[in-house]
Amino acid sequence: IDWKEVRAYHKIGGECFESVYLGVNIDEEKRNQIIEVAKKLNPEIKMYQMNASADALRLQTEQIY
């Protein structure tokens, strides 16, 4: 067995996630897919959309769910 190629990932449930932050450049289709999956895993999850600030070089968060 080539152990460099073997990867093991622990299964974690939706309850392990409190929030999801979506990037500034995410397209609408991908955004909707992520929201749908996240809500199925954890209906109480908070979803945030990152937006570029108009007056400074920083990102702002907007809660969308």
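Before reading further, recall that the structure is shown in the block above.
Residues numbered from 1 in each chain as written. Predicted model: local features only at pLDDT ≥ 70, side-chain atom pairs only at ≥ 80, totals over all residues. Heavy atoms only, no water.

A.B. asks: An account of the packing of aromatic side chains is needed here, citing residue identities and associated values.
C.D. replies: Enumeration over the complete set of coordinates arrives at one aromatic pair. Ring centres of Tyr 21 and Tyr 48 lie 4.7 Å apart, and the angle between their planes is 10 degrees; this geometry places the pair in the stacked category. Here Tyr 21 is found in strand S1 (residues 19-22), whereas its partner Tyr 48 is found in strand S2 (residues 46-52), with 27 residues between them in sequence. Tyr 48 sits in the buried class, given a relative accessible area of 16%. (Phe/Tyr/Trp six-rings, centres within 6.5 Å; stacked < 30°, edge-to-face > 60°. Helix = DSSP H or I, 4+ residues; strand = E, 2+ residues; numbered from the N terminus. Buried < 20%, exposed > 50% of the residue type's maximum accessible area, 1.4 Å probe, protein only.)

A.B. asks: Quick one: what's the story with the sheet that holds S2, residue by residue and with numbers?
C.D. replies: Pairing in this open sheet of three strands is mixed, and the strands run S1-S2-S3 from one edge to the other. A single partner strand is all that each edge strand has here, and the edge strands are S1 and strand S3 (59-63). Averaged over all adjacent pairs, the angle separating strand axes in this sheet is 30 degrees, with direction ignored. The pairing of S2 with S3 spans five bridges and is antiparallel. Bridging from a neighbouring strand, Asn 51 pairs with Gln 60 of S3. (Pairing = 2+ DSSP bridges. Axes fitted to C-alpha atoms, helices over the stretch in contact; angles between N-to-C directions.)

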